[in-house]
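Report on the structure
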Amino acid sequence: MNYLYMFLVVLFFSCDSQSANAAADKINFEEVSHFFYPLISEQYLVLNTQEKIDSVYKVIHSKSPGNRLAPIPSLSDNESYIIFKPLVKNSNDVEIKEISRKGNTIYVDVGEFHNPDVQKSSRISPYVLVKLLKKVNPKKIVFNYQKLK
């Protein structure tokens, strides 16, 4: 009887450890734009309502020169928007390599690169607006940085 009990305990803990190491689900995404002026006060913001999208685009339109303004996207049921400010260390811009989700956490793989449209000496981190082609409402966003090649 003790052997059966021990077997069940070991089985329970091994199953629990495998669930914690489960692979993250990749999320298809589109980079909408990079902005080199403040849009949000936090490191990231999930735009899960049309009101939040409208408020961000109000700031974008106030900072845009000229008469042509960027169209305001409308939020649909099968997508989400996230705006975030990744850190820039050795470059002047970033490229989003991959976005994945594991539980209530979104993982963003960020690669640095030199944008010719931005001064080379600039180390101002851009605000990146991304459209996720899946409805998400994460509790946390984790950035994984890849070195400049």
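Everything here concerns the structure above.
Residues numbered from 1 in each chain as written. Predicted model: local features only at pLDDT ≥ 70, side-chain atom pairs only at ≥ 80, totals over all residues. Heavy atoms only, no water.

Some words on the packing of aromatic side chains
Going through the model one piece at a time under the given rule, you end up with 3 aromatic pairs. Measuring from ring centre to ring centre gives 5.9 Å for Phe-35 and Tyr-37, while their planes differ by 55 degrees; the resulting arrangement is tilted. Phe-35 sits in the buried class, given a relative accessible area of 9%. Geometrically, the ring pair formed by Phe-84 and Phe-143 is tilted, given 5.2 Å between the ring centres and 50 degrees between the ring planes. On the criterion of sequence distance, the pair formed by Phe-84 in strand E4 (residues 80–84) and Phe-143 in strand E8 (residues 140–146) is long-range, its members being 59 residues apart. Of the two residues examined, Phe-84 and Phe-143, each falls in the buried class. An aromatic cluster is defined as three or more aromatic residues linked by ring pairs; in this entry it consists of Phe-84, Phe-143 and Tyr-145. (Phe/Tyr/Trp six-rings, centres within 6.5 Å; stacked < 30°, edge-to-face > 60°. Buried < 20%, exposed > 50% of the residue type's maximum accessible area, 1.4 Å probe, protein only. Helix = DSSP H or I, 4+ residues; strand = E, 2+ residues; numbered from the N terminus.)

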